[in-house]
Amino acid sequence: MAKPRYSFNPQSLTFTEEQRSRKDKAWLVVRYVLAFVIISAISYLVFPFVIDTPEVRKLKRENQKLVENFDHINRRVDNLRLVLEDLQHRDDNIYRTIFEAEPVPTTVRNVGMGGVDRYEQLEQMENGQLIIETSQKLDALAQKAYIQSRSFDEIIALAQRKEELVRCVPAIMPISDRNLTRMASSFGMRIHPFYKVLKMHTGMDFTAPTGTEIYATGDGEVCRVEQQQRGYGHNVMIDHGFGYKSLYAHMSKINVRPGQKVKRGQVIGLVGNTGTSVAPHLHYEVRINDQPVDPVNYYYNDLTPEQYDRMIELASMPTQSFD
Ligand SMILES: [Zn+2]
């Protein structure tokens, strides 16, 4: 209800109540209603900016927690990346070196995920960048872990073959020569016993009486048995796999046949003087991918470091080969 309004009457010196018209009263009501509507509207619009509702406060708290958790996850991802990098380093520099394998190329290790924009939906979100960065890191980590695991599979396969390789590669002397008194001529340019000129000697000669036992120097399969009048004379070649072959020449007796599997140390025949040979001796060759190499580097199962040094010294002497 509107309060009554009074006016001063200077003639009677009294206050008299003013009588309002209906129009005034209606206008008064309209003003009140308008004021109410305007204040309500302003409150409705401004209130949320000044004071949070309980629901907004709850959401803000949750959001803050999520951001903190994401920071925590990000740090853990960074730690995992360091662990993985250490594994890669060890893989390339230790395991792959041991097994003589090429390091995994960096381009393969850092290969991208490619394809469609996987993070498009996240870009719309507030804090979306945080989630995108973490997702990208995790994707890269997963990819690297996968490549690392493939690399280890390869290393395991190499390790399994390594045992076989160790059994097969020529690694002992082809005849018993504990005192190193039998080595007569080594690998390199030597004077040929018949032609008396310098000629490449593609193996090592061991002097020994006819009938001395000759050993296979590694596991393998006999790939050649020949009985020639000249050259290598009666000779045997063993294929050890992995590109390695060994050749035993000028034999007096051959105990093996082509295709036969032999073990390291097995007697494959006896020393003789067949073919182009000036005296009973064994001419021994090691070949890698059919290229003769110096056998002096393939006695590591037999020789102590001191014996190896002595052998290198003997091998460096200018001698005439027995061919
Ligand atoms: Zn020789």
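Anyway, here's the lowdown on the structure attached to this text. Only a predicted model underlies this, so the values are computations on that prediction, with no experimental measurement involved.

## Section: the pairing of strand 9 (residues 234-241)
Inference 1: Most of strand 9 is tucked away: 6 of the 8 residues are buried.
Inference 2: Two successive antiparallel strands, strand 8 (residues 220-227) and strand 9, enclose a turn made up of 6 residues, where G231 displays a positive phi of approximately 55 degrees.
Inference 3: Strand direction decides the pairing type here: strand 9 and strand 10 (residues 244-249), joined by 5 bridges, are antiparallel. Across the sheet, the residue bridging to D239 is K245, located in strand 10.
Inference 4: Where strand 9 folds back on strand 10, the antiparallel hairpin that results is connected by 2 residues, among which F242 adopts a positive phi of roughly 55 degrees.

## Brief notes about unusual backbone geometry
Inference 1: Not every positive phi belongs to a glycine, and N289 is a case in point at roughly 50 degrees.
Inference 2: Within the fold, N289 resides in the loop between strand 14 (281-288) and strand 15 (291-293).
Inference 3: Positioned with a positive phi, D290 is a non-glycine residue whose angle comes to about 70 degrees.
Inference 4: Tracing the sequence through the fold places D290 in the loop between strand 14 and strand 15.

## A few points about the coordination of the zinc ion
Inference 1: Note on the zinc ion: its protein donors are H201 (NE2), D205 (OD), D205 (OD) and H283 (ND1). The metal-donor distances range over 1.9 to 2.8 Å.
Inference 2: Seen from the zinc ion, its 4 donor atoms lie at angles of 52 to 156 degrees, and the figure they make is irregular.
Inference 3: The motif formed by the donor residues of the zinc ion, counted along the single chain, is H-x3-D-x77-H. With H201 in strand 5 (residues 198-201) and H283 in strand 14, the pair connects residues that are 82 residues apart, well separated along the chain.
Inference 4: The class for H201 is buried, based on a relative accessible area of 2%.
Inference 5: On the accessibility criterion, H283 (2% relative accessible area) is buried.

What counts as what
- Just so you know, the residues in each chain are numbered from 1, in the order the chain's sequence is written.
- Only residues with pLDDT of 70 or above have their local features reported here, since the model is predicted, and side-chain atom pairs are shown and tallied only from 80 upward, although totals for entire chains, interfaces and linings are computed over all residues.
- Think of the side-chain values as coming from all heavy atoms in the structure, minus any hydrogens and water.
- Burial here depends on accessible area, computed with a 1.4 Å probe over protein chains only, as a share of the maximum for the residue type. Under 20% is buried, over 50% is exposed, and the range in between is partly exposed.
- Each helix is a run of H or I in the DSSP string that is no shorter than four residues. Each strand is a run of E no shorter than two, and both are numbered from the N terminus.
- Strand pairing requires that DSSP identify at least two bridges connecting the strands.
- We call an atom a donor if it is N, O or S and sits within 2.8 Å of the metal, or 3.2 Å for Na, K and Ca. Water is not counted, so some sites may look partial.
- For a four-donor site, all angles between 85 and 135 degrees give tetrahedral; for four or six donors, opposite pairs above 155 degrees with the remaining angles between 65 and 115 give square planar or octahedral; all remaining cases count as irregular.

Remember, this is a structural readout, not a statement about activity or role.
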